[in-house]
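Topology and contacts: notes
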Amino acid sequence: MLVSLLIFRNQLPRIRHFSTILGIPFLIIFTINTGVALYKATPESIFSYAKYAAAEPIHSDRSTSPVIWIIFDELDERVGFRERPKDIKMPALDRFRGETTVATQAIPPGDVTLYSIPTLLLGKRINAVKFERADDLKLIPENGGNQLSWRENPGILEHLRKKNIDIAVLAQDAHPYCRIFGKLVSYCWEESEPWVSGTWTVANRVTVVIRTVLEHVPFVSRYLGKQISTPFTLSVKYKKFMSGVKKALVDPKLEFIFIHWNLPHRPFGYDRHKDTFLPNERVDEKPVLGYLDNLELTDQAFASMRATLERVQRWDKATVIVSADHRWRKAEQHDGIKSTLVPFMVKLPGQQKQSLISKPIFTARTRFLIEKIFGKPLKSKLDVFEVMRHN
């Protein structure tokens, strides 16, 4: 034992030297990774976020019917409607489906929110994206053409703004819409709070930068991952976001309202049997069947929005579009069947009876449907199909 200790002591300088040589490559990799992360975590100008407060409202004197585009993240046509389990109740959306123009073969814009939403807003198929800066996303079109800056190609939002239409964008999660498009919209809301001047300044984002650095330190990242928790319970976040949605829906000056709910997508934190939210430690305890619980919460969210519009007498004259950004990707784990379609329902002003479109339509064309609505009122399902049909 003593001999072994003496040998180790004599070899200690050599071990230190060898360890230093081995550590240099890891230090270089860490430095590069941290530098790249910091670069991507900041906007093009680190002081530019404050300039992206919501644009000044236009408040035109036009008397137009509002257009409300609701995206329920991962809402599935098959499991959500046509082959929904009998014990899942969605009365509000079922009622809506019975009063609207319904496309039963609606092809989703993609399979991942990251590029499905750009596809919807641009009306152009995006197959992949590259995250390069915190205030932009590089979009790679389906045809393999030149990469597009999403900030410079906002699609329907820019088109409507140029027509002096007041826009509201609300997102429960997913993309940082306000950060990218804040200058185009009159009312913007992300997660649990409205977008206001100064929300994204360097001073109040220091913690994000520090976390970005620490996440690249071995073992520290694992600890941080365990410590990450939302500042509010899912119940509080849901209620706060709903309060923002209601404010937009009752504002008569807002003519186009885009709402992206993170439902029925994960996290699965709702118990439909008890009609209550789960505590944080039980969220996602049902990684597949929790989707079914969230379907009922999705229906409650829609019912609340409809009731809000009816209360201020905006429902009848509104155009309401309900769809999804992609199918339920884990449907096969539920019943062994792969889902391929998303719901697509359009209520035109005054519409009270269902009209079915049985031929395939491509939901990525919704942007052009909205352009038509603001240009010339649509009167029937044929008008909708002519714009949305899948060629």
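Quick look at the structure, then. (Residues numbered from 1 in each chain as written. Predicted model: local features only at pLDDT ≥ 70, side-chain atom pairs only at ≥ 80, totals over all residues. Heavy atoms only, no water.)

Quick notes on the state of the cysteines
By the definition in use, this model includes one disulfide. With its sulfur 2.1 Å from that of its partner, Cys178 forms a disulfide with Cys188. Measuring the twist about the S-S bond at about -100 degrees, one finds the Cys178-Cys188 disulfide to be left-handed. Of this pair, Cys178 sits in helix H6 (residues 177–181) while Cys188 is found in strand E8 (residues 187–190), placing the two residues 10 residues apart along the sequence. For the residue pair Cys178 and Cys188, the accessibility class agrees, reading buried in each case. (Disulfide = S-S within 2.5 Å. Helix = DSSP H or I, 4+ residues; strand = E, 2+ residues; numbered from the N terminus. Buried < 20%, exposed > 50% of the residue type's maximum accessible area, 1.4 Å probe, protein only.)

A look at unusual backbone geometry
Geometrically, the link from Leu263 to Pro264 is a cis peptide bond, its omega value of 0 degrees lying close to zero. Secondary-structure assignment places Pro264 in the loop between strand E10 (256–261) and strand E11 (270–271). The amide bond that connects Arg266 to the next residue, Pro267, takes the cis arrangement and shows omega of 5 degrees. Looking at the element boundaries, Pro267 is found in the loop between E10 and E11.

Considerations on the packing of aromatic side chains
The full count for this structure, using the stated rule, is 14 aromatic pairs. In this arrangement the basic side chain of Arg97 is found over the ring face of Phe81, its NZ or CZ atom lying 4.6 Å from the centre. Lys347 extends its terminal NZ or CZ atom over the ring of Trp315, reaching a point 5.3 Å from the ring centre. (Phe/Tyr/Trp six-rings, centres within 6.5 Å; stacked < 30°, edge-to-face > 60°. Lys NZ or Arg CZ within 6 Å of the ring centre and 35° of its normal.)

Looking at helix H9 (residues 234–249)
One turn of the α-helix equals 3.6 residues, which is why residues spaced by three or four share an orientation. Across its 16 residues, H9 extends 22 Å between first and last C-alpha, which sits within 8% of the 22 Å expected from 1.5 Å per residue. Residues of H9 that are buried: Leu234, Ser235, Lys237, Tyr238, Phe241, Met242, Gly244, Val245, Ala248 and Leu249. Buried residues in H9 make contact with strand E1 (67–72), strand E7 (167–171), E8, E10, strand E12 (276–277) and helix H10 (290–311). (Expected span 1.5 Å × (residues − 1). Contact = heavy atoms within 4.5 Å.)

A few points about the nonpolar core
The biggest cluster of nonpolar side chains holds 92 residues, and the ones touching the most others in it are Ile259 and Trp261. Ranked by the residues each element gives to this core, the list is headed by H10, at eight residues. With residues near it in sequence (within four places) discarded, Ile259 still touches Ile68, Trp69, Ile70, Ile71, Leu170, Phe241, Val245, Leu249 and Met305. (Core = buried A, V, L, I, M, F, W, Y, C linked by side-chain atoms within 4.5 Å.)

Section: the packing of helix H12 (residues 366–375) against helix H13 (residues 381–388)
Following both chains from N to C, one finds H12 and H13 inclined at 135 degrees, their axes separated by 8 Å at the closest point. Between H12 and H13, the crossing angle belongs to the class labelled oblique. As for the relative orientation of H12 and H13, their crossing is right-handed in sense. Contacts between H12 and H13 involve Thr366, Phe368, Leu369 and Lys372 from the first element and Val384, Val387 and Met388 from the second. For the contact of H12 with H13, the class distribution of residues is five nonpolar, one polar and one charged. (Axes fitted to C-alpha atoms, helices over the stretch in contact; angles between N-to-C directions. Parallel < 35°, antiparallel > 145°, perpendicular 65-115°, else oblique. Left-handed = near helix turned anticlockwise from the far one by under 90°. Nonpolar A, V, L, I, M, F, W, Y, C, P; charged D, E, K, R; others polar.)

Remarks on the packing of H9 against H10
Packed helices, taken two at a time, are described by the angle between their axes plus the distance between the axes. Axis separation between H9 and H10 bottoms out at 9 Å; the angle between their running directions is 30 degrees. With respect to each other, H9 and H10 are oriented roughly parallel. The handedness of the crossing between H9 and H10 comes out as right-handed. Note on element contacts: H10 touches H9 through Leu297, Gln300, Ala301, Ser304, Met305, Thr308 and Leu309, opposite Tyr238, Met242, Val245, Lys246 and Leu249. Residues of the contact of H9 with H10, tallied by class, amount to eight nonpolar, three polar and one charged.

Quick notes on the sheet that holds strand E2 (residues 101–103)
The nine strands lie next to each other as E9-E8-E7-E10-E1-E13-E14-E2-E15, forming an open sheet whose pairing is mixed. Of all strands in the sheet, those bounded by a partner on one side alone are strand E9 (193–194) and strand E15 (355–357). Here E2 pairs with E15 via three bridges, running parallel. Its bridge partner lying in E15, Thr101 is registered against Ser355. Running over the sheet, H12 touches E1, E10, strand E13 (319–323) and strand E14 (344–347) and is turned about 165 degrees from E1. Contacts from H13 reach E2, E14 and E15, with the element oriented near 25 degrees to E15. (Pairing = 2+ DSSP bridges.)

Observations regarding H13
Taken together, the buried positions of H13 are occupied by Val384, Phe385, Val387 and Met388. Projection of H13 onto a plane perpendicular to its axis shows the buried side chains occupying an angular sector of 165 degrees, all on one side. Against the buried residues of H13 lie E2, E14, E15, strand E16 (361–362) and H12. (Arc of directions from axis to C-beta.)

Some details on the pairing of E8
Across the two faces of E8 the burial is the same, with Tyr187 and Trp189 and Cys188 and Glu190 all buried. Sheet topology places E7 next to E8; four bridges connect them, and they run parallel. The partner of Ala168 across the bridge, within E8, is Tyr187. Direction of pairing for E8 relative to E9: antiparallel, over a ladder of two bridges. Across the sheet, Glu190 pairs through a bridge with Glu193, a residue of E9.

Read these as layout, nothing more, since geometry by itself doesn't imply function.
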